[in-house]
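Residues per chain, in single letters:
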Amino acid sequence: MVFVVEALVSALLSASFQVLFDRLSPRTNLFEFLRRHEFNVTLLENLKTTLLQVNAVLSDAEEKQITNRFVREWVDELKDAVYHTADLLDEIHFLTLAESRSTSTSSALNSIVQNSKYRLEKMTSKLENIAKHKDVLGLEESFSGKPSPILQLTSLVDEFEVHGRRNDKEKIMDFLLSGSVGENEIPVVAIIGIAGVGKTTLTQVLYNDRRVKTHFRTRAWVYVSEDFDVFKVTKTIYESVTLQPCGITDLNILQVKLKKILMTRKKFLIVLDDVWNEYYSKWDALRSFLKVGASESRIIVTTRNQGVAQTTRAIHICHLQPLEDEYCWLVFANHAFGSPQVCAPPKLKSIAQQIMKKCRGLPLAAKVMGSLLYSKVEAHEWINILNSNIWDLPKDKSDILPSLRLSYYHLSSHLKQCFAYCSIFSKGYVFGKEKLVLLWMAEGFLPQPRSDRTMEEVGIACFNELLSKSFFQQASDYDKSHFIMHDLIHELAQFASSESCFRFERGKSHGISNKVRHFSYVRAQFDDGLEKFDALKEAEFLRTFLPLSSSSSGGLCSINRMVVSELLPRQKRLRVLSLSHYGNINTFPNDFGKLIHLRYLDFSHNAITKLPSSIGFLYNLQTLILSHCIQLSKLPATMRNLINLGHLDLNGAISLKMMPPEFGKLKSLQILTNFVVSNITRGSSISELGVLLKLRGKLSISGLQNVGDAEEVENANLKDKKDIKELEFSWSSTGPANGEAAILEKLSPHENIEKLSIRGYGDTELPNWLGDPKFSNMVILHLTDCRNCLSLPSLGQLPSLQELHVKRMALESINPEFYGNSSSSIVPFASLRILKFEDMPNWIHWSSLAVTEGREFPLLQELHIQKCENLIEIPNCLPSLELLFINECWQLQFDDFMDYPALQSLSIRSCNYPTNFTLNFSSNLKFLQIQDCRYLRFLEISEELHQQLNFFEDLEISECPNLELFSGNGLCAPNLTTFSVSNCNNLSSMPEQMHVLLTSLQNLNISGCPRLVSFPDGGLPLSLQKLVIQNCISLTLQNSWGLTDMASLTCLTINCAYQNVTSFPDEGLLPASLTFLQISEFPMLETLNLSGLQHLTLLEDLQINCSRLQILSEGRMPDSLSSLSITGSPSMTDLCQQNQGIYWDKISHIPFKFINGNEIR
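Residues numbered from 1 in each chain as written. Predicted model: local features only at pLDDT ≥ 70, side-chain atom pairs only at ≥ 80, totals over all residues. Heavy atoms only, no water.

As recorded by an unreviewed UniProt entry, the chain carries the name Disease resistance RPP13-like protein 1 and is attributed to Xanthoceras sorbifolium.

As for the pattern of salt bridges
On inspection of all chains with the given rule, the structure shows 24 salt bridges. Salt-bridge contacts for D90 lead to R575; the nearest nitrogen and oxygen are separated by 3.8 Å. Taken as a pair, D90 in helix α5 (residues 69-100) and R575 in the loop between α24 (561-567) and β14 (576-578) lie far apart in primary sequence, 485 residues in all. Just as D90 is buried, R575 falls in that class too. Each of D87, D90, R543, R573, R575 and R599 takes part in salt bridges that share partners, so that together they form one network. (Salt bridge = Lys/Arg side-chain N within 4 Å of Asp/Glu carboxyl O. Helix = DSSP H or I, 4+ residues; strand = E, 2+ residues; numbered from the N terminus. Buried < 20%, exposed > 50% of the residue type's maximum accessible area, 1.4 Å probe, protein only.)

As for the sheet that holds strand β9 (residues 501-504)
An order of β9-β10-β12-β14-β15-β16-β17-β18 is seen for the eight strands of this open sheet, with the pairing classed as parallel. In the strand order of this sheet, the two ends are held by β9 and β18 (671-672), each with one partner. Looking at chain direction, β14 and strand β15 (residues 600-602) are connected through three bridges and run parallel. Within β15, the residue paired with V576 across the bridge is Y600. Seen against the sheet, helix α20 (residues 433-443) touches β10 (518-522), β12 (544-548), β14, β15, β16 (623-625) and β17 (647-649) and runs at an angle of roughly 135° to β15. (Pairing = 2+ DSSP bridges. Contact = heavy atoms within 4.5 Å. Axes fitted to C-alpha atoms, helices over the stretch in contact; angles between N-to-C directions.)

Comments concerning the packing of aromatic side chains
Evaluated as defined, the whole model comprises 36 aromatic pairs. Both rings, one in F1015 and one in W1041, keep their centres 4.7 Å apart while their planes meet at 75°; by these two values the pair is edge-to-face. Of this pair, F1015 sits in the loop between β37 (1003-1007) and β38 (1026-1030) while W1041 is found in the loop between β38 and β39 (1051-1055), placing the two residues 26 residues apart along the sequence. Residue classification places F1015 among the buried positions, given a relative accessible area of 6%. Aromatic ring contacts, followed pair by pair, group F425, Y429, F431, W440, F463, F472 and F483 into a single cluster. The side chain of R219 reaches across the aromatic face of Y207, ending 4.3 Å from its centre. Across from the ring centre of Y582, 5.8 Å away, lies the NZ or CZ of R523, which sits over that ring. (Phe/Tyr/Trp six-rings, centres within 6.5 Å; stacked < 30°, edge-to-face > 60°. Lys NZ or Arg CZ within 6 Å of the ring centre and 35° of its normal.)

Observations regarding helix α8 (residues 199-207)
With eight of nine residues buried, α8 lies mostly within the body of the structure. Those residues of α8 that fall on the buried side of the exposure criterion are K199, T200, L202, T203, Q204, V205, L206 and Y207. Looking at the buried residues of α8, the elements they touch are α7 (166-176), β1 (188-192), α9 (210-215), β2 (218-225), β3 (268-275) and β4 (298-303).

Observations concerning the side chain of K1146
Along the chain, K1146 turns up in helix α29 (residues 1144-1147). For K1146, the residues in contact, after removing those within four places along its chain, are L1090, L1112, S1113, E1114, G1115, R1116 and M1117.

Observations concerning the sheet that holds strand β42 (residues 1087-1088)
Pairing is parallel across the open sheet formed by three strands, whose spatial order is β40-β42-β44. Both outer strands of the open sheet, β40 (1063-1064) and β44 (1111-1112), are each paired with one neighbouring strand and no more. In the sheet, β42 pairs with β44 via two bridges, with the strands oriented parallel. For T1087, the partnering residue across the bridge sits in β44 and is I1111.

With respect to the nonpolar core
In this structure, L579, F729 and W846 are the most contacted members of the largest nonpolar core, which totals 197 residues. Leaving out residues up to four positions away in the same chain, F729 has contacts with I701, L704, L718, L744, L747, L756, S757, I758, R759 and W769. The next biggest cluster of nonpolar side chains, apart from the first, holds 84 residues, and it includes I194, L269, L362 and L373. (Core = buried A, V, L, I, M, F, W, Y, C linked by side-chain atoms within 4.5 Å.)

What follows is the structure, given as structure tokens:
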């Protein structure tokens, strides 16, 4: 298969050759080093010439190896030789670094150089021999051909085969029919998604919709694919519009003629299907003559590439997601069984479901899988398909392979190599962008950066390109830093990586080739056995050893110490080594210092107390991860030799006491999560940060109480570090401040700072620079444990500040100075969205800015105030406030005139006020929680809001012992779905007219209300789905509540009621709709009245916990029951005993039966 060789040759060899060519450039340090050691550099020139000769015939070898076994063997031999050559040149490069660090004597270096010369001669000879065979095999210089074409799709579609796209269709339809959008250009809709997800199918459905045909009298469909030929596209549009063949051969004449036609037709729709072009010039050549159309015209573009949407300036973008399982099943069943309504035969149903899930929502995969299984009736035939990779399917019956192959074909050689490497991840594995880029860097897959770009930036660009081309998908809508590959894309990566990547999977055979370079496995809780590692004895040239996290493995794991002490030190070619999350590792052997190729080392989440000093010999090391090594107390002094170290992660290494001496020699350092200031003279002072000019991202500086004088801080030169976006300053001293104000004054960062945290600061005033408007990029500010600060600086003038958190300060009042210069025209806190105050017992007053009262905090959406027990006031006018959370503010009073028109969520906990609470803040309220307000007596809705609470959904009241009633004429909240009242000892009545005012109520929970006797006249709302009554000793079910009419009530829990009832339930009391019933703590209940349960034909789960229960009346439990639990009644154990108890026949038909905690079978 052409694709196999393209993956192996074009991706691996072409990219690897480029790395070798870079190393063999005469301008490199390598050449200079070898000249100094009297090395015949002609040998290197010969090596480069040989590689160039071989590289020239790769494309021809790619084609011929499909049918020629000897060519295939030649390719494998060449690939292995290239790996070995790269390793050897890397070793020589290491010697150049060792010489610059003066860690070896001249005689020792000469000896090693001579040995390297001998090995290089052998390698060059081997490659020359391989190159000679190219002539014997008849390999010639050629250029790579294109992959075989895939089927061209037209505008026609069978809509009965399309499922699960209604929402996507209607959203795009609204845009297509929406009329003018005020643009000078014809609006473009881009439908983006992975191969096979149904982009073209959705577009076909839209194109043929009756509404579209009526709205756009002129329509054209163009299948573009990878070759965006402007002439061909224009010609196809012309023929679609005129319905006539076109013989014009000149583009200009054709476009002029088509332009005149479109001017008369005005409104048109053009579909450009499967577009790959990202060159704006080509798009512009097409767009220019289409602008004559009416502004209501539209263009739809389908593509796998986000870049195409950007090139076409798409206004509406639809990222088409895989189908949900139920819709994917309909597609699969339609092609497997002939109709989506046909059920799978019982013996095939489970297998069919697994095959469908394997498609992961891709309709094309479901269609292909289903069609392959059509007419197959034997289970083993279905199992064979289930266990096959997509590449094992018959090529003449699968459209998936060429579709995915085309995506891969369009990648550059280095992107192919980066993508193929991702096969080391298991299917469904969630990976982080930053980590993957660091792995690519360590493996040498990334091209050399140009101009002032860093290698990390090159890696991020590569990642984003693979993401934009749909090779990666965001793992969730909420996490933009973690990603996943669709299973079919993962199989593509496996296929592309061939023998170079090996992933251990338990339960599968594990023969491993010595050509394997990258090894991974899913970490288990106990990796004590050597099964998964024995195979590595055959793999002598590993570059990657990577354990992967598993959701089932939980926290820390353990690994056989033989792996660490013996097996891994023998893998001399390792570039990536991870031993993270192994809690039984507390030391590492010194032999790790001999792994000279290492670029990436991850020791995070283990029990090491120190690193071996030999780590200082890893001159190539780029990434060292020591995060959450909570017992790590020191770093070796030899770390100063790690001149290529760019990433040092010490996050969570809480026992670290100091930084090693001469830390400033790590000039390549870009990411440093934590710098620990020490008072120990042999450690590094904070001034060492001054020479680390490349620092970026996040930096935490802890132990600032150990700074000797402010001059050291000034030498750290934070104000010039423009790429640091997040800073955290922390002191850990609880004693009196010792010059901390001067130190913090000197810690002023660069104005590019975005997030700043100050923790444990002990002086009485914060610096003025904190509120300087020049920090226009600051978005988040945290002030924590500033224990002696009596006031806040002028923070209101920070123009971009969105979050402010203040915790544990000696603050007594917020004064007008907090808002900034009163004469300034800048609105105070113009961008603030979230404001949190916590644990400030001295705080009493919060003053507004008199001049602009009501204008401060114009965009504030969330206000959280906790443990400010003496605070008596908060701002009255917050026009954008959506969430207000008050907790343990005992003196805070709520005024009737509070103006919070946008408020949606209000939570008041542990407050003395109010006594009478009138809700009048906002008609937009959705959630109200009142908890532990001990003086609250009445709760009512203001007359103004009584008819406006259309958004109110959730009301929770608890721990209010003096609450007596809900005032007024009821609670008019037609959309209230959840209502909970608990531990309100004096509550005697619920809101009036619940049955007509709370028409959407689904969940009602009442507990700990001993004075509550009944519900108001009219009973409960018919919409109720779940009713819980607990510890309400006076509240018993009444027929007047209308329970039997509640067709939606499915769950009922009754606890600690019916004080004098000995038999329950009465016939006709409970609604027939119940699926769950729980009866608990009836103190006198002796008899379960089965006749009162017989009409419950939907009941599935019955739970009873009543200590005196001993009788099951005549009849038997409902046939619908699947689970029965009786607890707290010792006598029922014998009475329900299997085949012997007198009640066995009443319960024997229930599948799951538990009596006093024991399952009865």
